Amino acid sequence: DVSYSVYLIHLPIGSFVLNFLFSKGVYYEVSIMIAFVVILVISAIIYQYFEIPMQKFAKSLVKFSKK
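Remember, predicted model here, so these are calculated numbers, not experimental data. (Residues numbered from 1 in each chain as written. Predicted model: local features only at pLDDT ≥ 70, side-chain atom pairs only at ≥ 80, totals over all residues. Heavy atoms only, no water.)

S.K.: Explain helix H2 (residues 28-66) residue by residue, including any values.
M.R.: Along its 39 residues, H2 runs 54 Å from first to last C-alpha, staying within 8% of the 57 Å computed at 1.5 Å per residue. Most pronounced at tyrosine 47, the bend in H2 amounts to some 40°. On its buried side, H2 packs onto helix H1 (3-23). (Helix = DSSP H or I, 4+ residues; strand = E, 2+ residues; numbered from the N terminus. Expected span 1.5 Å × (residues − 1). Bend = angle between axes of the 7 residues up to and from the residue. Contact = heavy atoms within 4.5 Å.)

Below is the structure:
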């Protein structure tokens, strides 16, 4: 369910996290794993607190317009 959120944020968030960690001297392989986890967590938050409520709102608009 969070695949669309992952698709939207993987490049900006992943790039930021990788650049930040790499500048701090963290190994590239470790940075990749951390970036992956950060992307999944942020995607789950976006899905839970933005996408689901907006889907419910859109469905309520469709029901309202059919009346």
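More follows now that the structure is in view.
S.K.: Any details on the environment of glutamate 29? Residues and values, ideally.
M.R.: With respect to the element layout, glutamate 29 can be found in helix H2. Judged by its relative accessible area of 55%, glutamate 29 is exposed. (Buried < 20%, exposed > 50% of the residue type's maximum accessible area, 1.4 Å probe, protein only.)

S.K.: So what's going on with the packing of aromatic side chains? Residues and values would help.
M.R.: Scanning the entire structure with this criterion turns up two aromatic pairs. Both rings, one in phenylalanine 16 and one in phenylalanine 20, keep their centres 6.3 Å apart while their planes meet at 15°; by these two values the pair is stacked. On the criterion of helical spacing, the pair formed by phenylalanine 16 and phenylalanine 20 is a turn pair, its members being four residues apart in helix H1. (Phe/Tyr/Trp six-rings, centres within 6.5 Å; stacked < 30°, edge-to-face > 60°.)

S.K.: Now, about the packing of H1 against H2: what can you tell me, with residues and values included?
M.R.: In contact at an axis separation of 8 Å, H1 and H2 are set at 140° when each is read in the N-to-C sense. Classified by the angle between their axes, H1 and H2 sit oblique to one another. Considering the relative orientation of H1 and H2, their crossing is right-handed. Side by side, H1 and H2 meet where Tyr4, Ser5, Val6, Ile9, His10, Ile13, Gly14, Val17, Leu18, Leu21 and Phe22 of the first sit next to Ser31, Ile32, Ile34, Ala35, Val38, Ile39, Leu40, Ile42, Ser43, Ile46, Tyr47 and Glu51 of the second. For the contact of H1 with H2, the residue count by class is 17 nonpolar, five polar and one charged. (Axes fitted to C-alpha atoms, helices over the stretch in contact; angles between N-to-C directions. Parallel < 35°, antiparallel > 145°, perpendicular 65-115°, else oblique. Left-handed = near helix turned anticlockwise from the far one by under 90°. Nonpolar A, V, L, I, M, F, W, Y, C, P; charged D, E, K, R; others polar.)

Without other data, these values stay purely geometric and don't point to any function.
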